[in-house]
Every structure is written in C-alpha cells, then in structure tokens.
Amino acid sequence: MQILACPVCKGELSLTIEEESEKEEVVSGSLYCSKCQHAYPIANGIPNLLPPDMNQETQGQ
Ligand SMILES: [Zn+2]
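The structure reproduced in this document is the subject of the present report. (Residues numbered from 1 in each chain as written. Predicted model: local features only at pLDDT ≥ 70, side-chain atom pairs only at ≥ 80, totals over all residues.)

Okay, the overall build of the chain next. Helix and strand counts for the chain come out as one helix and four strands. For the chain, the α and β elements follow one another from N to C terminus as β-β-β-β-α. For the chain, buried positions account for 10% of its 61 residues. The long-range fraction of contacts in the chain, counting pairs at least 24 apart against all pairs at least 6 apart in sequence, stands at 23%. (Helix = DSSP H or I, 4+ residues; strand = E, 2+ residues; numbered from the N terminus. Buried ≥ 20, exposed ≤ 12 C-beta atoms within 10 Å, placed from the backbone. Contact = placed C-beta atoms within 7 Å.)

Spelled out as structure tokens, the structure:
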C-alpha cells in the first residue's frame, strides 16, 4: 500500500495496521499525521482522508 499524504498539510502520514489481508494489503487501521495530530481511519482497505473539519461536522449530527 502506498503511503498517502495528509490532505491538510500534505505531510507524511504514519501507517498503523490493525488488520491485514493475505495479499499484505491493509484492511483496517489508521493513517496518522503528526503535524495535524489527526488520525485518518482505514476501513475495508479504503483510507478515509476527509479533513478533520468535515469529520467533526459528521460527529456533531
Ligand atoms: Zn497534516
């Protein structure tokens, strides 16, 4: 899996793997940006790279 850049600061994200497939693809885990101190969740192999502001709007509902 390629390491994606942070959508906010374009910085490097550190990958934390919770679950991995037989093909060594990340199924679930998170991508953490140390600059923004925000973790982007990975679910079903798809990173959720919504900026923190959008995530907070979702949580507020
Ligand atoms: Zn960032």
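The next subject is the sheet that holds strand β3 (residues 38-43). With respect to topology, four strands assemble into an open sheet ordered β1-β2-β3-β4, the strand pairing being antiparallel. With one partner strand each, in any of the chains shown, β1 (13-20) and β4 (46-47) form the two edges of the open sheet. (Pairing = 2+ DSSP bridges.)

Trans is the common state for peptide bonds, and a negative phi is the common state for residues other than glycine. Of note, Glu24 is a non-glycine position whose phi angle comes to about 60 degrees, a positive value. With respect to the secondary-structure elements, Glu24 resides in the loop between β1 and β2 (26-33). We classify Glu24 as exposed; it has 8 C-beta atoms within 10 Å. Even without glycine at this site, Gln37 takes up a positive phi of about 55 degrees.

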